[in-house]
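One letter stands for each residue in the lines below.
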Amino acid sequence: MIAHTVFFYIFSLIAIVSAVMVTVSKNTVHSVFFLILDFISISCLFIMIGAEFLGMIMLIVYVGAVAVLFLFVVMMLNVAEQKGQWFSSRWDGGTHIPVGLLVSLIIFFELIIVIGGWKYKPDLLNSLSINISTDVTNTRSIGNVLYTDYIHLFQISGMILLVAMIGAIVLTYRERAGVKRQSYVKQISRERDEGVDLVEAERNKGVKIDA
Amino acid sequence: MESYFSILLTEVYKILFLLIPVLVSVAMIVWLDRRVWAFVQKRRGPNVVGPFGLFQSLADALKYIFKEIIIPASSNKLVFVLAPVVTMTLALISWAVIPFDEDFVLADINVGILYLFAVSSLGVYGIIMGGWASNSKYPFLGAIRSAAQMVSYEVSIGVIIINVLLCVGSLNLSDIVMAQQNLWFVIPLFPMFVIFFISALAETNRPPFDLPEAEAELVAGYQTEYSGMMYAMFWLGEYANILLMCAMGSVLFLGGWLSPIDIFPFNAIPGPFWLIFKILFLFILFALVKATVPRYRYDQLMKLGWKIFLPFSLFYVVLTSSFLLYFDLLPGK
């Protein structure tokens, strides 16, 4: 058990420190790297409590896909920063402080509610309606409830994501003029008769092709 | 504390017993790659150092060790140094879950295939970090390209894995192999095997999908600023990843350590050898593709990944699951 405790403290320390570093570090790309480190250590914590499926999904979805896109965007911003320095933090008279305070207060109260609910319900695990059995792998037990009891919620969340994705594409899509496209069908179905034109050329006069 | 120490020691022995053969075979596989490539092009390839040039990779490694490591002055030095380390580490840690035989695996975890998928999707970070930290145009372009490319092809690999998992009913790699005792999945899922092979080419940045390196336009892409041992580490990580993809293909589709027919001369050969044969077979296919196919254009690559492979493998998921459901073959009941 000692090794388990030591590993728990190591991973949680890394998680907390890197979460602080995400907000503190000056370089935005470094922030994203710390965010990735945070995700990885949290998935390690998931694995340590026996939720290996959640831990791996966390790695695949957040680290493997979402953080790559973050990094992608932030690196592009950094290119602009090197040019104009508009991205660097500067004192703008403190106009952003009230809004920031409001948002962080809301999040703080939410955290208190979550932790408070946990504190005042110590028999939370016993009061769950689902039996947690230890002899089934947690992938199977998640599948058992996700596709039976919660199938409608699952489907609805999938639908919402799909709508959000299509909406984002529709909102950002701009038709550009002068884009050259290739059609594979057209290229493949081209025959010799259409492509080659044999012309009898007259001496010293040449041939007009476009006519 | 004594018991902790002894457990730690045996684990370290096991890890070394796995990693040293992997590293040696990576060196050998570079040689094999160059030989196959030369064979296709009617050249001789590396044949001078040692018998058949077998020690060529060792000579190259020695050369890399003695070369100077140059770190560009305007680079982000910490990230620059970390990038090859990340590539190399990620390429090696995934070998922990590959089963070489029944009960002959370093970590027999429940979610082995997810672990493999997660680690191979982390592989993109080595490239992005290297490309960004170099603070130069070509490495950055290479990194951006590879980020988009690897994320796209991971999606189709994920869907292909779902196809296999539907037939197995477990995420454990040993279970996946044992489920193929009667029929290797390459036969019922042959289209998925082909798509997996092509996606693996794209995932490991091999030709014809080597756009992140593209020596003709990007002068080796994200590796441009690297030299000496750091370049060699990128190189080793890349080949270890290729071997890993071959191992993944043989575990998912070619029956892992199982012999093709369960009769005497075949099943007398121990399982690890069969796995190695299958990995080598897939690797030679990789090398033949490299030698014969020209590089894709970037928009064609994206079109192939998103508009052809993804819909087709999704369609195949529906097909596989309805087949299994209709004939009542669903596993895990």
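All values derive from a computational prediction rather than experimental measurement. (Residues numbered from 1 in each chain as written. Chains lettered and ligands numbered in written order. Predicted model: local features only at pLDDT ≥ 70, side-chain atom pairs only at ≥ 80, totals over all residues.)

Enquirer: Before we move on, could you go through the overall build of chain A and cite the residues and values that matter?
Expert: For chain A, the count of helices and strands is nine helices and zero strands. Starting at the N terminus, the α and β elements of chain A follow one another as α-α-α-α-α-α-α-α-α. The proportion of buried residues among the 211 residues of chain A is 13%. Considering only contacts within chain A whose residues lie at least 6 apart along the sequence, 47% involve residues at least 24 apart. (Helix = DSSP H or I, 4+ residues; strand = E, 2+ residues; numbered from the N terminus. Buried ≥ 20, exposed ≤ 12 C-beta atoms within 10 Å, placed from the backbone. Contact = placed C-beta atoms within 7 Å.)

Enquirer: Describe the interface of chain A and chain B, and please don't skip the residues or the numbers.
Expert: At the interface, 16 residues of chain A touch 18 residues of chain B. Along the lines of polarity and charge, the residues of the side of chain A that touches chain B split into 12 nonpolar, three polar and one charged. (Nonpolar A, V, L, I, M, F, W, Y, C, P; charged D, E, K, R; others polar.)

Enquirer: Can you break down the environment of Q223(B) residue by residue, with the values?
Expert: Residue and element names in this part refer to chain B. The residue Q223 is located in the loop between helix 9 (215–218) and helix 10 (228–252) in this model. Put simply, Q223 and V168 are 55 residues apart on the chain and 40 Å apart in space, counted from C-alpha to C-alpha. Sequence-distant contacts of Q223, defined by excluding residues within four places in its chain, comprise E213, Y231 and F234.

Enquirer: Explain unusual backbone geometry residue by residue, including any values.
Expert: Residue and element names in this part refer to chain B. In this structure, N135 takes a positive phi of about 55° despite not being glycine. Residue N135 is classed as partly exposed on the basis of its C-beta count, with 18 C-beta atoms lying within 10 Å. Positive phi values are uncommon outside glycine, yet N205 reaches one of about 55°. Tracing the chain through its elements places N205 in the loop between helix 8 (190–203) and helix 9.

Enquirer: Requested: an account of the environment of I109(B), with residues and values cited.
Expert: One can find I109(B) in the loop between helix 3 (77–93) and helix 4 (112–122). A C-alpha to C-alpha distance of 21 Å links I109(B) and L243(B), two positions 134 residues apart in sequence. Ignoring sequence-local partners within four residues, the contact set of I109(B) consists of E52(A), V97(B) and Y115(B).

Enquirer: A description of the confidence of the model for chain B should follow, citing residues and the corresponding values.
Expert: Residues and elements named next belong to chain B. Per-residue confidence for chain B gives a mean pLDDT of 85, with 98% of residues at or over 70. Confidence scores differ between elements of chain B, with helix 9 showing the lowest mean pLDDT of 68 and helix 8 the highest of 91. Complex prediction metrics read pTM 0.83 and ipTM 0.82. (pLDDT = per-residue confidence, 0-100.)

Enquirer: Got a sec to walk through the environment of R206(B)? Specific residues and values, please.
Expert: Residues and elements named next belong to chain B. One can find R206 in the loop between helix 8 and helix 9. Each C-alpha atom, one on R206 and one on A287, is 9.1 Å from the other, the two residues being 81 residues apart in sequence. Once you skip the residues sitting within four places of it in the chain, R206 turns out to touch L201, I242, F286 and K290.

Enquirer: Outline the packing of helix 3 of chain B against helix 10 of chain B, listing residues and values.
Expert: Residues and elements named next belong to chain B. One can describe the packing of helix 3 onto helix 10 by two numbers: an axis separation of 8 Å at closest approach and a directional angle of 25°. Our classification of the angle between helix 3 and helix 10 gives roughly parallel. As for the relative orientation of helix 3 and helix 10, their crossing is left-handed in sense. Note on element contacts: helix 10 touches helix 3 through M230, M233, F234, L236, G237, A240, N241 and L244, opposite P84, V85, T87, M88, A91 and L92. Tallied by class, residues from the contact of helix 3 with helix 10 come to 11 nonpolar, three polar and no charged. (Axes fitted to C-alpha atoms, helices over the stretch in contact; angles between N-to-C directions. Parallel < 35°, antiparallel > 145°, perpendicular 65-115°, else oblique. Left-handed = near helix turned anticlockwise from the far one by under 90°.)

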